[in-house]
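These are the residues of each chain, in order.
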Amino acid sequence: MQELPIEFFTEEVDFEVKNEEKVKEWLSEIISKYSFELESLNYIFCSDEYLHQMNVEYLEHDTLTDVITFDNSDFEGVIEGDVFISIDRIVDNAATFNITPEEELHRVMAHGLLHLLGFDDKSPEKQTIMRSKENECLELFKL
């Protein structure tokens, strides 16, 4: 099997993705579903503090967030990006939504990837579409 150009890193947290190969295959399947080519995809798992600092520095948002996505691709239809995810937010949101941290992690991982695939959530209508696409992605993981 070919090595997928999907990498997982950590900043300021001790964290490992469970079922790493299955998760990489799932992410690759999502990319294929939308007919995009995968160049490179990095997930960086970090603390609230780390992601908050990035949010302030790069996006000028002084708020906590669960995910920030950077699209590094120069070409349409190509995935090359970095997705930063706060593990602190994942744990807190999972408790709030009464789901496992792993389920919330998968939702947020899909959310970040969907941004790279061209979806945004800047309006209530687009948020509804994004949530629907997240659910479709989660269903793919269960198969």
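In the block above lies the structure referred to throughout.
Residues numbered from 1 in each chain as written. Predicted model: local features only at pLDDT ≥ 70, side-chain atom pairs only at ≥ 80, totals over all residues. Heavy atoms only, no water.

Draft legend 1. Region of the structure containing the packing of helix H1 (residues 20–33) against helix H5 (residues 124–142). Two numbers describe how H1 lies on H5: the axes approach to 10 Å, and their chain directions differ by 130 degrees. The pairing of H1 with H5 is recorded here as oblique in orientation. As for the relative orientation of H1 and H5, their crossing is right-handed in sense. Residues Lys22, Val23, Trp26, Glu29, Ile30 and Lys33 of H1 touch H5, and the partners they reach there are Glu136, Cys137, Leu138, Leu140 and Phe141. Its residues placed into classes, the contact of H1 with H5 shows seven nonpolar, no polar and four charged. (Axes fitted to C-alpha atoms, helices over the stretch in contact; angles between N-to-C directions. Helix = DSSP H or I, 4+ residues; strand = E, 2+ residues; numbered from the N terminus. Parallel < 35°, antiparallel > 145°, perpendicular 65-115°, else oblique. Left-handed = near helix turned anticlockwise from the far one by under 90°. Contact = heavy atoms within 4.5 Å. Nonpolar A, V, L, I, M, F, W, Y, C, P; charged D, E, K, R; others polar.)

Draft legend 2. Main features of the packing of aromatic side chains. Taken as a whole, this structure holds nine aromatic pairs when the rule is applied. Pairing Tyr50 with Phe84 gives two aromatic rings, centres 6.4 Å apart and planes at 25 degrees, and the pair type is stacked. Of the two residues, Tyr50 sits in helix H2 (residues 48–59) while Phe84 sits in strand E4 (residues 78–86), which places them 34 residues apart along the sequence. Judged by its relative accessible area of 11%, Phe84 is buried. Pairwise contacts between aromatic rings join Phe8, Phe15, Tyr43 and Phe45 into one cluster. Against the face of Phe141 rests Lys22, its NZ or CZ located 4.4 Å from the ring centre. (Phe/Tyr/Trp six-rings, centres within 6.5 Å; stacked < 30°, edge-to-face > 60°. Buried < 20%, exposed > 50% of the residue type's maximum accessible area, 1.4 Å probe, protein only. Lys NZ or Arg CZ within 6 Å of the ring centre and 35° of its normal.)

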